[in-house]
Amino acid sequence: MQPFTLLIKPSGSDCNIDCRYCFYKDRAPEFGSGKQRMSDEVLDRLVKDYMRLGFGVVGFAWQGGEPTLMGVDFFERAIGLQKKYGTSGQEVSNTLQTNGILIDEKWCRFFYENKFLLGISIDGPGEFHDIYRLDHSGSGTFEKVMRGIKNCQKYEVEFSSLVLVNNRTVEHPGKLFDFFVENDMTYLQFIPCIETDPATGGIADFSITPEQYGDFLCGLFDLWYDYGPEKVNIRDFDSLVTYFVLGSHTICTYSKQCAGFVVIEHTGDAFCCEFFVEPKWRLGNILQTPLEALAESSTKRTFARDKQNLGNRCLACRYLDLCRGGCMKDRARLNKGQGGCESYFCEGYKRFFDYTLPRFMQIAAAIEAGSADRHTRSADKIRLRIEK
């Protein structure tokens, strides 16, 4: 079978802060609310089933909610199980997406020793971050997040910064870029904010328009290109460079199929994608059905193929091979479904590609000629090798 990554939500949607734009706010209560914690039985089963599939590199992506609510002990047990059920020479990638607030010396020592790669959510400087990323008392969280980031830097924990581009930050790519460079954060991911207002059914006011997103990407690209692409890794840009060098993308947004993940909720329920945790796309439960069977189920195959259900505008678009219709969740914003429609951000992508593709191809040509380097991490830093 084709390798895939497990996206695991050990604390479900439970979180220690209260971001205004969190997409769990309009999530159906039957999929979890309040305190949610994965049991040792579920943890043991998911690690055992996954490690024994025999992939040379296995990927555990720990997400939430806020996964650090599980405590260091939970993840120590997970590492122990990976070593118990893995085979000699097998490599394990553990990534963890966090708001960074609980990251102290103890966490950092654990992350460093076990070669975790973190994604830390931060929306730029405090003037932007504290608009929407608030704690449960309504106070900003910027200083707490920065304390966690400084701890990671002190203890040499590898991390990327994840930025949700909202209606306030979208107009300031320069301020964002300068902030991250000045604070030595050189692995960046920018996610466009598009959410629905549950009260009206329309687009939420903190979301951005396709035109805004296109202008933001163009401005960000100019800053990145002028500063030096070899000095800063921006996830979407890196995927496009990889496409022009190797002919394939590194992120699912631009992939032909959505087949790279299986989502495991804290209950053991499995789904196709974190953005489609809903009855239609429930695969089953790992305590009742082996993981291999869930990953090869007809529901999973249908979901993977649905990304190819493109509208006529996409099929006729000169950029089809580049974006493949974008993320299916962004199509759903337009037609309340998954396929058969272009991305909400379609016009923004076209603006961006029109403006940047000649320079992307120049960067790719320089890499192929050996006259330029890529800003990448050594796998040795972010993979745990099983030794028996």
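Predicted, not measured: the structure shown is a model, and the values here were computed from it.

Novice: Any chance you could explain the overall build of the protein here in plain terms?
Specialist: Looking only at helices and strands, the protein features 15 helices and 11 strands. A compact globule built from 388 residues should have a C-alpha radius of gyration of about 21 Å, and the protein, at 20 Å, falls within 12% of that. Dimensions of the protein, computed from C-alpha atoms along their principal axes, come out at roughly 50 × 50 × 45 Å. When burial is assessed residue by residue, the protein has 56% of its 388 residues classed as buried. Within the protein, contacts between residues at least 6 apart in sequence are counted, and of these 72% link residues at least 24 apart. Averaging the positions of the 47 positive and the 52 negative side-chain charges in the protein gives two centres separated by 4 Å.

Novice: Mind showing me how you'd approach the packing of aromatic side chains here?
Specialist: The relation between two aromatic rings is expressed through the spacing of the ring centres and the mutual angle of the planes. If you walk through the whole model with that rule in mind, you get 41 aromatic pairs. Its end group placed over the ring of Tyr187, Arg377 keeps NZ or CZ at 3.6 Å from the ring centre.

Novice: What exactly am I supposed to notice about the layout of surface pockets here?
Specialist: Over the atoms, a rolled probe matching the size of one water molecule traces out where space is still vacant. Its volume calculated, the second largest pocket comes out at about 360 Å³. Looking at the second largest pocket, it is lined by 19 residues, and the ones nearest its centre are Glu156, Val157, Glu158, Phe159 and Lys381. Sorting the residues of the lining of the second largest pocket by element identifies α3 (105-113), α5 (142-154), β5 (158-165) and α15 (379-382) as the ones contributing at least two each. Counting residues per element, the lining of the second largest pocket draws most heavily on β5, at four residues.

Novice: Looking at this model, I keep getting lost on empty space enclosed by the protein. Mind explaining?
Specialist: Tallied over the full model, the rule gives two cavities of 30 Å³ or more. Its boundaries defined by the atoms lining it, the largest cavity holds a volume of some 130 Å³. Forming the boundary of the largest cavity are 13 residues, of which Cys314, Cys317, Cys323, Cys346 and Lys350 lie nearest the centre. Mapped onto the lining of the largest cavity, the elements with two or more residues apiece are α11 (312-315), α12 (320-323) and α14 (346-368). Considering each element in turn, the lining of the largest cavity owes the most residues, four residues, to α14. For the lining of the second largest cavity, the elements supplying multiple residues, two or more each, are α7 (210-227) and α8 (235-246). By residue class, the composition of the lining of the second largest cavity is five nonpolar, no polar and one charged.

Novice: Is there a simple way to think about the pattern of salt bridges in this case?
Specialist: Pairing of side chains with opposite charge becomes possible as their charged atoms draw close. Under the defined criterion, the tally for this structure stands at 21 salt bridges. Here Lys9 and Glu265 are joined by a salt bridge, their closest N and O atoms 3.0 Å apart. One end of the pair, Lys9, is in the loop between β1 (5-8) and α1 (40-51); the other, Glu265, is in the loop between β8 (261-264) and β9 (269-271), with 256 residues separating them in the sequence. Both residues of the pair, Lys9 and Glu265, belong to the buried class. With its nearest N and O atoms 2.8 Å apart, the salt bridge here joins Arg37 to Asp14. Residue Arg37 is located in the loop between β1 and α1, and its partner Asp14 is located in the loop between β1 and α1; the two are separated by 23 residues in the primary sequence. What makes Arg37 partly exposed here is its relative accessible area of 31%. The network of salt bridges with shared partners includes Glu91, Arg383, Arg385 and Glu387.

Novice: Can you help me understand the pairing of β1 in this one?
Specialist: Regular strands have side chains that alternate between both faces of the sheet. Relative to strand β2 (residues 57-62), β1 runs parallel, the two sharing four bridges. Within the sheet, the bridge partner assigned to Leu7 lies in β2 and is Ala61. Sheet analysis places β1 next to β8, joined by four bridges and oriented parallel. Each residue of the ladder has a partner; that of Leu6, found in β8, is Val262.

Novice: Which parts of the structure should I look at to understand the environment of Asn309?
Specialist: When you line up the elements, Asn309 lands in the loop between α10 (298-306) and α11. Of the residues examined, Asn309 reaches a relative accessible area of 41% and is grouped as partly exposed. Linking Asn309 and Met328, residues 19 residues apart in sequence, is a C-alpha distance of 10.0 Å.

Novice: Before we go on, may I ask you to explain the side chain of Asn94 in this structure?
Specialist: Tracing the sequence through the fold places Asn94 in strand β3 (residues 91-98). Given the relative accessible area of 0%, Asn94 is considered buried. Separated by 3.0 Å, the side chains of Asn94 and Trp62 make a polar contact. Within polar-contact distance, the side chain of Asn94 engages the side chain of Gln82 at 3.0 Å. What Asn94 contacts, discounting residues up to four positions off in sequence, is Phe60, Trp62, Ile79, Gln82, Lys115, Phe116, Leu117 and Ile382.

Novice: It is not clear to me how the packing of α1 against helix α2 (residues 72-85) should be interpreted in this structure. Could you clarify?
Specialist: At a closest axis distance of 9 Å, the pairing of α1 and α2 adopts a crossing angle of 35°. As for the relative orientation of α1 and α2, their crossing is right-handed in sense. Contact residues: α1 offers Asp40, Leu43, Asp44, Val47, Lys48 and Met51, while α2 offers Phe74, Arg77, Ala78, Leu81, Gln82 and Tyr85. Here the contact of α1 with α2 is built from residues that sort into seven nonpolar, one polar and four charged.

Novice: Is there a simple way to explain the nonpolar core in this structure?
Specialist: What tends to happen in soluble globular proteins is that the nonpolar side chains get buried as a cluster. Core analysis: the largest hydrophobic core is formed by 108 residues, its most contacted members being Leu6, Leu46, Phe60, Trp62, Leu118, Phe190 and Trp224. Leu7, Val263, Phe271 and Val277 belong to the second largest nonpolar core, which has five residues in total.

The rules behind each value
Residues numbered from 1 in each chain as written. Predicted model: local features only at pLDDT ≥ 70, side-chain atom pairs only at ≥ 80, totals over all residues. Heavy atoms only, no water. Helix = DSSP H or I, 4+ residues; strand = E, 2+ residues; numbered from the N terminus. Rg over C-alpha atoms; globule rule 2.2 N^0.38 Å. Buried < 20%, exposed > 50% of the residue type's maximum accessible area, 1.4 Å probe, protein only. Contact = heavy atoms within 4.5 Å. Lys, Arg positive; Asp, Glu negative; His and termini not counted. Charge placed at Lys NZ, Arg CZ, Asp CG, Glu CD. Phe/Tyr/Trp six-rings, centres within 6.5 Å; stacked < 30°, edge-to-face > 60°. Lys NZ or Arg CZ within 6 Å of the ring centre and 35° of its normal. 1 Å grid on protein atoms, 1.4 Å probe; cavity = no way out; pocket = protein on both sides within 12 Å on 5 of 7 lines; lining within 4 Å. Points joined across faces, edges and corners; volume = space filled by probe spheres on them. Nonpolar A, V, L, I, M, F, W, Y, C, P; charged D, E, K, R; others polar. Salt bridge = Lys/Arg side-chain N within 4 Å of Asp/Glu carboxyl O. Pairing = 2+ DSSP bridges. Polar contact = N/O pair within 3.5 Å; in protein donor to acceptor, adjacent residues only side chain to side chain. Axes fitted to C-alpha atoms, helices over the stretch in contact; angles between N-to-C directions. Left-handed = near helix turned anticlockwise from the far one by under 90°. Core = buried A, V, L, I, M, F, W, Y, C linked by side-chain atoms within 4.5 Å.

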